[in-house]
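# Summary of the model geometry
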Amino acid sequence: MTRTEVNERLYDLGLFFLFLAIFAGRFSLDRLLKTQMDRWGSIELWATSGVLLVVYLLARRGFISLGLPDRQTKLFIGAVLTLYLLLTVNLILLSNQAAQTRGLLDHLFLAVHVSLIIAIISSPVMLRRICRIIVASTVFLGTLWVIGTSMGYESTLMRMLLQSKLTIYRLEFFGFACALHTAYSDRMSSWKNYYLIAAAFLLFTVLISAAFAAVAGAFLAIIWMLLWQLSNKNYREAICLITISCLSTGFLVVSKADFYASQVSYRLSGSGTFSYNIGWKNGRDERIISMINSLRGNSLPHLSDLNGEDRQILETYALLYNLRIPQHGEELLRFLWGLSHRIVIFDGSERINYTIAALRDWSEQKVFGQGLGNYSVSNIIIGTNKLETVHYPHNVFLEMLVGAGIIGFGAFCLALFVTFVLVHQACLHFFPNTAFLGAMVFYLLSASFAGDYYDFRLFWVSSLFALCTNRES
């Protein structure tokens, strides 16, 4: 094997490590393999170390040149750097110790990954090479995911894959974008049709997750890409995208229609919003308030007057916090009134509860916020003996507002604006970049329903991939 061939294989190894580093962390591969709690044993750390070593070796051999980025990339880095400097100061000054340590480490990883992308993806050719690696890897994981949904929970591996369905779709949608980008870039390649098939399959794996954020975000991102293609008279690409979407949706309906029908029926019947005739419950204490109101008509209210589910909720909370539940009288009512201000019930409208709690907390610290990671809402899950605590409001805009205040929220919106303008220009320069523009739209929309600002790093990665095609112009 010649020196050039060795360098080529080493380069591909670096690109594979870069793929692992970008898509590991708390939201994807590390969460899937349950290694995210121990950072020293995480895929993210070791993959980042691996790609750093490869870049160093290739630079020593003169195979890559670590030059300065172009003007568009500098503007992008400036906007994102301004945002993350503000968030870093916020973490240091306002956040609790656990959130501060985790957040600062996440910021460090993001900075290293952005630097590595700029160093190792130096041209459209190199971008297509990493896209091929991402497509192959995500098709493999997607195949395991489909097998897992077919086999059920019999094996440990399939159980892990099934439990990861609400996080892994972010990775697979990026694989979908990379497949489109590669197919559009290599129009004359004999592999083009294979990448289009891979795109259809990866879109199917995104939709099969049954996560509202994934399904809604995917369809809206596809509509965005279609409008962009049609407005620029790229009719062939628009037809390809329509065909891929119809194939994926059709296969989903044929293969999973019964599953989706059962999920919808379960969620409607199991939701407290529909089960109780006390109005739309979107507050923090209305379930407990309903218990109080049901006891007020009795001359001597007693715990046994409550239905079985209500008593189970109270017993669960008392068990978790080592409290004694009064059995009757005014003492029981006072206990319930105190409880109503300390607990949130999972009643099918938890996203509304998260929003109300976030806006209430922001109203107390409007300018600088209360500190990233300090947000906390606890829920007792109906029908179980578990108390769940979430530390982000499942909306990245609200998270910036409550955590970093108006200043951080403004910096976040400014970085979004600058990034969309730069990527729009990159799409005009090189049409296949619309695939990454679609990924940006997907991550922005899904971040409005699920995930935190750390998950949102894939938005910045998608935009940076698109900007890499301008490096030679």
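We now turn to the structure provided with this report. Remember, it's a predicted structure, so these values are computed and weren't measured experimentally.

Moving on to the overall build of the protein. Within the protein one finds 19 helices and three strands. Taken over 473 residues, the protein has a buried fraction of 53%. Of the contacts made within the protein by residues no fewer than 6 positions apart, 73% connect residues no fewer than 24 positions apart. Total accessible area on the protein is roughly 21700 Å²; 64% of this is exposed by carbon and sulfur atoms.

Our focus in this paragraph is the pattern of salt bridges. For the coordinates displayed, the defined rule picks out six salt bridges. Of the charged contacts in the structure, one is a salt bridge between Arg170 and Asp455, with a shortest N-O distance of 3.4 Å. With Arg170 in helix H8 (residues 169-185) and Asp455 in the loop between helix H18 (434-446) and helix H19 (457-467), this pair connects stretches of sequence that are 285 residues apart. Here the two residues Arg170 and Asp455 agree in accessibility, since each one is buried. Residues Asp361 and Arg360 are paired through a salt bridge, measuring 2.5 Å at the closest nitrogen-oxygen approach. On the basis of relative accessibility, which here comes to 8%, the residue Asp361 falls in the buried class. Several salt bridges share partner residues, and in doing so they unite Glu8, Arg9, Asp12 and Arg129 into one network.

The next point concerns unusual backbone geometry. Residues apart from glycine generally show negative phi values, whereas peptide bonds are mostly found in trans. Its identity as a non-glycine residue notwithstanding, Lys233 has a phi of 60°, on the positive side. Within the secondary structure, Lys233 is located in the loop between helix H10 (212-231) and helix H11 (235-270). In this model, His394 sits at a positive phi of 60°, which is unusual for a non-glycine residue. One can find His394 in the loop between strand S3 (387-390) and helix H17 (396-429). Looking at His394, the relative accessible area reads 10%, which means it is buried.

Our focus in this paragraph is the environment of Gly103. Its location among the elements puts Gly103 in helix H5 (residues 97-120). For the pair Gly103 and Leu87, spaced 16 residues apart in sequence, the C-alpha separation works out to 8.9 Å. Leaving out residues up to four positions away in the same chain, Gly103 has contacts with Leu91 and Tyr453.

What follows deals with the side chain of Arg128. Positionally, Arg128 belongs in helix H6 (residues 124-151). Since its relative accessible area comes to 16%, Arg128 is described here as buried. Excluding anything up to four places from it in sequence, Arg128 contacts His181, Ser185, Asp186 and Phe430.

For the rest of this paragraph, the subject is H8. Along its 17 residues, H8 runs 24 Å from first to last C-alpha, staying within 8% of the 24 Å computed at 1.5 Å per residue. Among the 17 residues that make up H8, 17 are buried, leaving the element largely enclosed by the rest of the structure.

Counting through the fold element by element, Ile92 comes out in helix H4 (residues 71-94). A residue is classified by how much of its surface remains accessible, and Ile92, at 48% relative accessible area, is partly exposed. For the pair Ile92 and Gly103, spaced 11 residues apart in the sequence, the C-alpha separation amounts to 9.4 Å. Those residues in contact with Ile92 that lie beyond four places of it in its chain are Gln100 and Leu104.

The next subject is the nonpolar core. Ile121, Phe176, Trp460 and Phe465 are the most contacted members of the largest nonpolar core, which totals 112 residues. If sequence neighbours within four positions are ignored, Phe176 has contacts with Ala199, Leu202, Leu203, Met225, Leu241 and Ile244. Within the second largest apolar cluster, 12 residues are counted, among which are Leu303, Ile313, Ile325 and Leu336.

Turning next to a nonpolar patch on the surface. Among the surface-exposed residues, Leu86, Val89, Ile92, Leu93, Leu94, Val367, Phe368 and Ile407 lie close enough to one another that they form a single nonpolar patch of about 730 Å² accessible area. Of all the elements, H4 adds the most residues to the nonpolar patch, at five residues.

Here we come to the packing of aromatic side chains. Scanning the entire structure with this criterion turns up 23 aromatic pairs. Taking 6.4 Å as the distance between ring centres and 55° as the angle between the ring planes, the aromatic pair formed by Phe76 and Trp460 counts as tilted. Linking Phe76 in helix H4 with Trp460 in helix H19, this pair joins segments that are 384 residues apart in sequence. The class of Phe76 is buried, set by a relative accessible area of 2%. Since its relative accessible area comes to 2%, Trp460 is described here as buried. Three or more aromatic residues joined by ring pairs make a cluster, and in this case those are Phe76, Phe397, Phe409, Phe412, Phe420, Phe456, Phe459 and Trp460. Over the ring of Trp362 we find Lys366; its NZ or CZ atom is 5.6 Å from the centre of that ring.

Bringing helix H9 (residues 192-207) into the picture now. The end-to-end C-alpha distance of H9 is 23 Å, a good match for the 22 Å that 16 residues give at a rise of 1.5 Å each. Here H9 lies mainly inside the structure; 12 of its 16 residues are buried. Of all the positions in H9, only Lys192, Tyr195, Leu196, Ala198, Ala199, Ala200, Leu202, Leu203, Phe204, Thr205, Val206 and Leu207 are classed as buried.

Viewed as axis vectors pointing N to C, H4 and H19 meet at an angle of 165°, and their least axial separation amounts to 10 Å. In terms of orientation, H4 lies roughly antiparallel with respect to H19. Every pair of crossing elements has a handedness; the one defined by H4 and H19 is left-handed. Along its contact with H4, which presents Gln72, Thr73, Phe76, Val80, Leu83 and Tyr84, the element H19 presents Trp460, Ser463, Leu464 and Leu467. Of the residues that constitute the contact of H4 with H19, the class distribution is seven nonpolar, three polar and no charged.

Time to look at the side chain of Ser95. Within the secondary structure, Ser95 sits in the loop between H4 and H5. At 2.6 Å, the side chain of Ser95 forms a polar contact with the backbone oxygen of Leu372. With residues up to four places along the chain from it excluded, the contact list for Ser95 reads Asn90, Gln100, Gly371, Leu372 and Asn374.

Before going further, it helps to spend a moment on empty space enclosed by the protein. Taken as a whole and judged by the stated rule, the model has six cavities of 30 Å³ or more. Here the largest cavity defines a volume of roughly 100 Å³. Lining of the largest cavity is provided by 13 residues; of these, Arg102, Leu372, Gly373, Glu399 and Tyr453 occupy positions nearest its centre. Examining the composition of the lining of the largest cavity, we find that four residues originate from one element, H5, more than from any other.

Definitions and cut-offs
- Residues numbered from 1 in each chain as written.
- Predicted model: local features only at pLDDT ≥ 70, side-chain atom pairs only at ≥ 80, totals over all residues.
- Heavy atoms only, no water.
- Helix = DSSP H or I, 4+ residues; strand = E, 2+ residues; numbered from the N terminus.
- Buried < 20%, exposed > 50% of the residue type's maximum accessible area, 1.4 Å probe, protein only.
- Contact = heavy atoms within 4.5 Å.
- Areas by Shrake-Rupley, 256 points an atom, 1.4 Å probe, with all protein chains shown as cover.
- Salt bridge = Lys/Arg side-chain N within 4 Å of Asp/Glu carboxyl O.
- Expected span 1.5 Å × (residues − 1).
- Core = buried A, V, L, I, M, F, W, Y, C linked by side-chain atoms within 4.5 Å.
- Patch = residues over 30% accessible without salt bridge, like charges linked within 9 Å, V, L, I, M, F, W, Y side chains within 5 Å.
- Phe/Tyr/Trp six-rings, centres within 6.5 Å; stacked < 30°, edge-to-face > 60°.
- Lys NZ or Arg CZ within 6 Å of the ring centre and 35° of its normal.
- Axes fitted to C-alpha atoms, helices over the stretch in contact; angles between N-to-C directions.
- Parallel < 35°, antiparallel > 145°, perpendicular 65-115°, else oblique.
- Left-handed = near helix turned anticlockwise from the far one by under 90°.
- Nonpolar A, V, L, I, M, F, W, Y, C, P; charged D, E, K, R; others polar.
- Polar contact = N/O pair within 3.5 Å; in protein donor to acceptor, adjacent residues only side chain to side chain.
- 1 Å grid on protein atoms, 1.4 Å probe; cavity = no way out; pocket = protein on both sides within 12 Å on 5 of 7 lines; lining within 4 Å.
- Points joined across faces, edges and corners; volume = space filled by probe spheres on them.

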